[in-house]
Amino acid sequence: MQRLNSLSLTAILLAIFIPHLLLVNYSLFSFEIGFFAALSAVVGFGLGQSLKSKYIFGMVLGFCLYFFLDAYFFSFSQAGTVLVLCVLGVPLFMRLTDTGIQLAVLVFSIVFVTPALFDGPEPIVAERSATQQPPVPQTPPEYAYIHLILDEQMSPLISPERMPEYFQPDDFFATYLDNDFKVYGVANSNDSSTVFSLSAIFGLTMSKENVIYEPSEAKHSFSVDKVRLLDQLSQRGYATTVYESTYLGLCGDGATITCRTFSRISNMQSIQNSDLPLWRRLELATLNLYEDYAFQSKPVMLLQLLAIQYSKAKTGLRPTTWGYFARPVGNLGIFRDIADQASEIKRGEAIIAHLFLPHFPYVLDQNCDMRRPSEWGYPLRNSPIIDVDQTYQTFWDQTVCTTGLINDILAQVEGRDDVVFVVHGDHGARIFVDTEFANDPDSYGTFLAIKAPDIEPGFVPGPVSLQETILRDLTDTFRLQP
């Protein structure tokens with residue numbers, strides 16, 4: 001009897017933790033999976049052997065069953081009823097049968113966990129290869145083309161007084177000016193949303209109507225409707241690789257486009273593959289479990305209630321999440337992949353990438369190492385008690401990291417006069433957006449740097465229109481048609 005108790009409790013604990021960790025892309029043989037599997041076994045067997053009272057054990061098993069059902073199946077409104085039924089119903093059923101409920105929980109848990117074990121983790125970047133070569137134009141392409149979009153990259157001219165002493169506007173712009181770019185110090189986006197900003201750029205238009213609102217079950221939340229930039233590059237013979245996120249699809253249906261897609265949410269494989277100490281990796285796995293159980297699409301009622309009460313006691317308001325903290329770490333690898341490709345890029349090849357750096361949360365220090373959770377930075381909307389000065393500090397630290405990665409890519413094409421290189425943000429940092437302190441420079445103000453053989457290097461303090469300037473300079477360089 002006690003052996004079956006232990007097995008059933010262990011099985012339901014495994015069903016709570018293991019599929020979730022696999023769902024956020026830990027590999028089956030990772031340290032994190034092994035730790036939580038061992039923890040489930042120790043707790044399950046320990047309680048199963050030590051709890052002699054059938055009623056008390058039944059309540060424990062019922063609570064674990066509630067936690068499982070709440071986490072995976074039931075909505076917040078149903079959770080209270082499920083809790084009562086599980087915690088009171090399981091002991092009642094155990095009084096009517098010696099092994100029936102324990103055996104049912106054991107079998108159900110095994111059936112639930114087993115399929116997840118055979119679903120390998122999704123890659124950090126999933127590739128759809130081009131199925132056709134671009135057409136051969138009458139005139140071969142003159143250039144190689146690299147175009148990097150830095151999400152939420154604020155211009156340092158927006159709030160220079162909030163920049164740290166070690167990194168000033170001149171330091172930021174030197175990366176581009178020293179490499180003969182034309183730099184627009186303030187380039188205002190047409191919108192504070194990535195969706196409308198990039199749909200205009202990829203559509204070679206100023207319109208905000210170039211967007212597809214995808215259904216909930218689709219791969220992307222939104223997609224660009226007409227990707228004229230990619231289509232016209234293809235017509236001119238360019239073999240193009242595009243990096244996009246699951247938030248905004250940029251690739252279109254072009255058969256000549258190699259499309260590499262990364263998840264907008266946290267793919268914890270990036271943490272698993274990092275060189276963080278094991279105890280830090282375990283801390284982040286636990287944080288990921290708590291965040292998803294407490295705040296995401298199927299929040300576990302008990303955890304959310306506890307979080308709400310704690311936050312109200314501290315601030316008087318509801319809490320927010322830590323927010324996709326693995327995303328910046330995953331994007332580090334994408335930058336490094338682009339640097340490898342840039343080292344071999346040839347005329348007629350193009351790399352266009354929408355990158356989630358220096359986008360919040362600001363978890364990377366100046367050296368691109370991950371900070372402790374207590375040091376992470378967020379926009380003001382994430383919490384009413386955020387220290388704005390600390391937010392700016394962490395934002396610019398993550399920007400320093402990002403700028404270093406840009407320098408690594410630039411180093412791969414140093415001295416070449418046949419590379420068109422474009423770097424810009426999609427909009428401002430949005431540190432104050434959705435708060436009473438929201439303002440246009442913070443929402444829209446980014447920068448633009450363009451290097452091309454027929455564009456005079458130099459510095460334009462601005463402001464200019466981001467979309468209009470890109471449209472003008474790219475069409476002049478590549479003879480594109482808006």
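What you see is a predicted model; the values in this text were computed from it and never measured. (Residues numbered from 1 in each chain as written. Predicted model: local features only at pLDDT ≥ 70, side-chain atom pairs only at ≥ 80, totals over all residues. Heavy atoms only, no water.)

(A) Focus on the packing of helix α1 (residues 2-23) against helix α10 (residues 278-295). Orientation of α1 relative to α10, taken along the N-to-C sense of each, is 100°, at an axis distance of 11 Å. Here α10 runs roughly perpendicular to α1, going by the angle between their axes. Of α10, the residues touching α1 (which contributes I16, F17, H20 and L21) are N288, L289, D292 and Y293. (Axes fitted to C-alpha atoms, helices over the stretch in contact; angles between N-to-C directions. Helix = DSSP H or I, 4+ residues; strand = E, 2+ residues; numbered from the N terminus. Parallel < 35°, antiparallel > 145°, perpendicular 65-115°, else oblique. Contact = heavy atoms within 4.5 Å.)

(B) Representation of the state of the cysteines in the model. Throughout the structure, instances matching the rule amount to 2 disulfides. The disulfide that involves C251 links it to C259, with 2.0 Å between the sulfurs. Across the S-S bond of C251 and C259 the torsion is about 85°, and the bridge reads as right-handed. Take C251 and C259: they sit in the same class, and that class is buried. Two residues share a disulfide in this structure: C368 and C401, whose sulfurs sit 2.0 Å from each other. Given an S-S torsion of about 105°, the disulfide between C368 and C401 has right-handed geometry. One end of the pair, C368, is in the loop between β9 (349-355) and α13 (388-412); the other, C401, is in helix α13, with 33 residues separating them in the sequence. Each disulfide of the protein chain joins two cysteines, and with those cysteines numbered along the sequence the arrangement is 1-2, 3-4. (Disulfide = S-S within 2.5 Å. Buried < 20%, exposed > 50% of the residue type's maximum accessible area, 1.4 Å probe, protein only.)

(C) Geometry of helix α7 (residues 194-203). Along α7, 9 of the 10 residues are buried, which leaves the element largely enclosed by surrounding structure. Of the positions making up α7, those classed as buried are T194, V195, S197, L198, S199, A200, I201, F202 and G203. In this structure S193 caps α7, since a side-chain oxygen of it lies 3.1 Å from the backbone nitrogen of V195. Once α7 ends, the next one or two residues include L204, with phi positive near 50°. (Polar contact = N/O pair within 3.5 Å; in protein donor to acceptor, adjacent residues only side chain to side chain.)

(D) Highlighting the sheet that holds strand β4 (residues 211-213). Here we have 3 strands laid out as an open sheet, ordered β4-β5-β7, and mixed in their pairing. Unpaired on one side and paired on the other, β4 and β7 (248-249) mark the two borders of the sheet. Alignment of strand β5 (residues 222-224) against β7, held across 2 bridges, turns out to be parallel. Residue pairing in the sheet places F222 in a bridge with L248 of β7. (Pairing = 2+ DSSP bridges.)

(E) Examining the nonpolar core more closely. Within the largest apolar cluster, 106 residues are counted, with the highest numbers of intra-cluster contacts made by L148, Y176 and F421. In contact with F421, not counting residues within four places along its chain, are I146, L148, F181, I409, L410, V413, A449, I450 and K451. Membership of the second largest hydrophobic core comes to 39 residues, among which are L230, Y247, L448 and F478. (Core = buried A, V, L, I, M, F, W, Y, C linked by side-chain atoms within 4.5 Å.)

(F) The arrangement of helix α2 (residues 31-50) in detail. Along its 20 residues, α2 runs 28 Å from first to last C-alpha, staying within 8% of the 28 Å computed at 1.5 Å per residue. What α2 keeps buried is the set E32, I33, F36, S40, G44 and G48. Buried residues of α2, viewed axially, fall in a sector of 110°; they line one side. Each element contacted by the buried residues of α2 is listed here: α1, α3 (54-72), α9 (269-272) and α10. (Expected span 1.5 Å × (residues − 1). Arc of directions from axis to C-beta.)

(G) Inspection of the pattern of salt bridges at higher detail. In total, this model carries 12 salt bridges according to the counting rule given. Across the pair E152 and R430 runs a salt bridge, and its minimum N-O distance is 2.7 Å. In this pair, E152 is assigned in the loop between β2 (144-150) and α6 (169-177) and R430 in the loop between β10 (419-425) and α14 (440-444), connecting sequence segments 278 residues apart. With relative accessibility at 15%, the residue R430 sits in the buried group. For the salt bridge of D473 with R472, the shortest nitrogen-to-oxygen distance reads 3.0 Å. You can call D473 buried: its relative accessible area is 7%. Salt bridges sharing partners connect three or more residues here, namely R347, R416 and D418. (Salt bridge = Lys/Arg side-chain N within 4 Å of Asp/Glu carboxyl O.)

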